[in-house]
Each structure stands twice: as C-alpha cells, then as structure tokens.
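Analysis of the macromolecular model
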Amino acid sequence: VREVDDSYQIFAELPGMNKKDINVEVVDGTLTISGEKSNSDNDKNNNHYSEISYGKFNRNFNLPEDVLSDEVSAKMKDGILAIYIPKMEQVKPEIKKIAIK
C-alpha cells in the first residue's frame with residue numbers, strides 16, 4: 001500500500017492468475033480483493049512436491065474517509081494487480097490578508 005499526493009495505491013502479486021479469476025470490490029468503506037487459483041494440472045501429473053500455492057484468497061482494506069470510492073480503478077499486467085484509489089480534493093482554508101494601519 002502506497003500513498004501519493006492524489007491517491008492511495010495497492011499492489012498485489014498474483015502470479016499465474018487471470019484477471020477474470022480476481023474480484024475487486026468496495027463495500028461500506030472496505031476494499032476487498034478475492035479470488036481463487038485452481039490447479040487444473042493436478043490430476044494429470046503425479047507431482048510429489050510443489051511450491052506453488054492454490055486455493056481461495058481474500059484480503060480486506062479499510063479505506064480512509066478521504067477517498068472517492070466510486071472512482072476506484074484496477075489494472076493487471078504481468079501478474080501484478082494495481083489498484084488506484086483517488087483521494088477527495090482537499091479544501092484549502094481561505095486566507096484573508098489583514099492590512100496593518
């Protein structure tokens with residue numbers, strides 16, 4: 001998770017997954033990334049050892065109040081999911097110059 005001037009950014013490594021197998025949603029101020037990585041090759045081979053993880057996953061992030069949850073966007077490239085959460089424009093206080101007499 002990274003914060004820049006105008007947005008929050010979340011990056012997730014999801015190697016070997018297709019974007020159709022991943023769900024990103026915002027409900028009541030919580031961003032949820034979920035999905036399932038299936039092992040379609042399991043029945044074809046007699047693997048004795050594997051360091052590849054399979055199964056369902058779910059990760060929740062409580063969003064701060066200063067975000068535009070309707071404008072959240074996500075992109076996926078080379079196994080990296082990037083989610084961009086724009087911030088509301090900050091209201092700058094009005095500065096009134098006072099003349100000194």
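Not measured: the values here are computed from a predicted model. (Residues numbered from 1 in each chain as written. Predicted model: local features only at pLDDT ≥ 70, side-chain atom pairs only at ≥ 80, totals over all residues. Heavy atoms only, no water.)

1. Some points on the sheet that holds strand 2 (residues 7-13)
Spatially, 4 strands are ordered 1-2-7-6 in an open sheet, and the strand pairing comes out antiparallel. Each of the sheet's edge strands pairs with one partner strand only, and the pair in question is strand 1 (2-3) and strand 6 (73-77). Direction of pairing for strand 1 relative to strand 2: antiparallel, over a ladder of 2 bridges. Note that in strand 2 the partner of E3 across the bridge is Y8. (Pairing = 2+ DSSP bridges. Helix = DSSP H or I, 4+ residues; strand = E, 2+ residues; numbered from the N terminus.)

2. Considering the environment of I33
Checked against the element boundaries, I33 lands in strand 4 (residues 30-37). Residues I33 and F57, spaced 24 residues apart in sequence, show a C-alpha to C-alpha distance of 8.1 Å. Residues contacting I33, with those up to four places away along its chain left out, are I10, I22, N23, F57, N58, R59, F61, L81 and I83. (Contact = heavy atoms within 4.5 Å.)

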